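Structural description and commentary
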Amino acid sequence: DAGVTQSPTHLIKTRGQQVTLRCSPKSGHDTVSWYQQALGQGPQFIFQYYEEEERQRGNFPDRFSGHQFPNYSSELNVNALLLGDSALYLCASSRRWEAFFGQGTRLTVV
Amino acid sequence: DQQVKQNSPSLSVQEGRISILNCDYTNSMFDYFLWYKKYPAEGPTFLISISSIKDKNEDGRFTVFLNKSAKHLSLHIVPSQPGDSAVYFCAATITGNQFYFGTGTSLTVIP
């Protein structure tokens, strides 16, 4: 079982650019959530996808959008990048009450 | 509004002794609680969980205690080992939808 895999592991982008992060969930998991973890903070919920629909959304602007594919994999898109978007982006796949995380994508906006 | 709080940013414990990590929450609707361990440059790793209908769950050296009346949970690690040194996050959820995380406690186990 490959667990949750995310790509890329590191990324550097310039302010104003757009970025797409990818996530493949753990086998048997149909729900994917995305989190942003800033330095020294706990992960903050961005949104959750289930059956290719956004089921719940945290307090993030519309610049953050996502997608879930029929195979349950997911993408996180961030438009018009700001310096403050620099963070570790974590994908979590879950089935019922337990969430398993990928290793994260470290995004640096310069 | 931080619904899950870990008020101790760091904790140091001697090898072999007990480590106690604490977590408080404000939302009485939370029905499941989890602890995650995180090493630098890695994603959080699931450690142990507890349902709100229980007050204790044990898995090897790790035990989680839940006090619903106090809205408090704790993670006990006995005996502590140097490999336990990491950041520990407490998380809570309602029916497995959004997970709310604390800010983490950095545990250092001194050999």
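This write-up is about the structure you can find in this document. This structure is a prediction, so every number in the text was calculated from the model and none was measured.

1. Side note on the overall build of chain B
- When helices and strands are tallied, chain B shows zero helices and 11 strands.
- When the elements of chain B are put in sequence order from the N terminus, they spell out β-β-β-β-β-β-β-β-β-β-β.
- Expressed as a percentage of its 111 residues, the buried residues of chain B come to 48%.
- Pairs at least 24 residues apart make up 54% of the contacts formed inside chain B by residues separated by at least 6 positions.
- Within the structure as shown, chain B displays about 5,200 Å² of accessible surface, and the carbon and sulfur contribution to it stands at 50%.
- In chain B, the 9 positive side-chain charges and the 9 negative ones have mean positions that sit 3 Å from each other.

2. As for the nonpolar core
- Of all hydrophobic cores here, the largest spans 23 residues; its most connected members are B:Phe33, B:Trp35, B:Leu73, B:Leu75 and B:Tyr88.
- Secondary structure elements with two or more residues in this core: strand 3 (19–25), strand 4 (32–38), strand 5 (45–51), strand 7 (62–67), strand 8 (72–77), strand 9 (86–93) and strand 11 (105–110) of chain B.
- A per-element tally of this core places strand 9 of chain B first, with four residues.
- Counting 20 residues, the second largest nonpolar core, distinct from the first, contains A:Val4, A:Leu76, A:Leu81 and A:Cys91.

3. What to know about the side chain of B:Ser80
All names here are of chain B.
- By the secondary structure assignment, serine 80 is in the loop between strand 8 and strand 9.
- Residue serine 80 is classed as buried on the basis of its relative accessible area of 1%.
- Apart from the residues within four sequence positions on either side, serine 80 is in contact with Val13, Gln14, Glu15, Gly16, Arg17, Ile18, Ser19, Arg61 and Val109.

4. Points about the environment of A:Glu51
Residues and elements named next belong to chain A.
- Along the chain, the position of glutamate 51 falls in the loop between strand 5 (44–50) and strand 6 (53–57).
- For glutamate 51, a relative accessible area of 55% corresponds to the exposed category.
- In sequence terms glutamate 51 and aspartate 30 are 21 residues apart; their C-alpha atoms lie 7.2 Å from each other.
- A distance of 3.4 Å separates a polar atom in the side chain of glutamate 51 from a polar atom in the side chain of tyrosine 50.

5. Examining the pattern of salt bridges
All names here are of chain A.
- What the rule picks out here adds up to four salt bridges over all chains.
- The partner of glutamate 75 in a salt bridge is arginine 22, and the shortest N-O contact between them spans 3.4 Å. Remark: arginine 22 occurs in strand 3 (residues 19–24) and glutamate 75 occurs in strand 8 (residues 74–78); sequence separation between them is 53 residues.
- The exposure class of arginine 22 is partly exposed, given its relative accessible area of 42%.
- Of the charged contacts in the structure, one is a salt bridge between arginine 63 and aspartate 85, with a shortest N-O distance of 2.8 Å. Of the two residues, arginine 63 sits in the loop between strand 6 and strand 7 (64–68) while aspartate 85 sits in the loop between strand 8 and strand 9 (87–95), which places them 22 residues apart along the sequence.

6. Let's talk about the state of the cysteines
Residues and elements named next belong to chain A.
- Enumeration over the complete set of coordinates arrives at two disulfides over all chains.
- The residue that forms a disulfide with cysteine 23 is cysteine 91, at a sulfur-sulfur distance of 1.8 Å. Its S-S torsion of approximately -60 degrees makes the covalent link between cysteine 23 and cysteine 91 left-handed. With cysteine 23 in strand 3 and cysteine 91 in strand 9, the pair connects residues that are 68 residues apart, well separated along the chain. With respect to class, cysteine 23 is no different from cysteine 91; both count as buried.

7. Topic: the sheet that holds strand 6 (residues 56–59) of chain B
Residue and element names in this part refer to chain B.
- Taken together, five strands build an open sheet; the order of strands is 1-3-8-7-6 and the sheet is antiparallel. Where the open sheet ends on each side, the last strands, each with one partner, are strand 1 (4–5) and strand 6.
- Strand direction decides the pairing type here: strand 7 and strand 8, joined by six bridges, are antiparallel. Each bridged residue has a counterpart across the sheet, and for threonine 63 the counterpart in strand 8 is histidine 76.

8. Some details on the interface of chain A and chain B
- Across the contact, 21 residues belong to chain A and 22 residues belong to chain B.
- Between chain A and chain B, roughly 1,700 Å² of surface is buried when both sides are summed, and carbon and sulfur atoms account for 56% of that area.
- Interface area lost by chain A to chain B is led by A:Trp97, A:Glu98 and A:Phe101, which between them contribute 32%.
- Summed over the shared surface of chain A and chain B, the number is zero salt bridges.

The rules behind each value
- Residues numbered from 1 in each chain as written.
- Chains lettered and ligands numbered in written order.
- Predicted model: local features only at pLDDT ≥ 70, side-chain atom pairs only at ≥ 80, totals over all residues.
- Heavy atoms only, no water.
- Helix = DSSP H or I, 4+ residues; strand = E, 2+ residues; numbered from the N terminus.
- Buried < 20%, exposed > 50% of the residue type's maximum accessible area, 1.4 Å probe, protein only.
- Contact = heavy atoms within 4.5 Å.
- Areas by Shrake-Rupley, 256 points an atom, 1.4 Å probe, with all protein chains shown as cover.
- Lys, Arg positive; Asp, Glu negative; His and termini not counted.
- Charge placed at Lys NZ, Arg CZ, Asp CG, Glu CD.
- Core = buried A, V, L, I, M, F, W, Y, C linked by side-chain atoms within 4.5 Å.
- Polar contact = N/O pair within 3.5 Å; in protein donor to acceptor, adjacent residues only side chain to side chain.
- Salt bridge = Lys/Arg side-chain N within 4 Å of Asp/Glu carboxyl O.
- Disulfide = S-S within 2.5 Å.
- Pairing = 2+ DSSP bridges.
- Buried area = accessible area lost by both parts, 1.4 Å probe.

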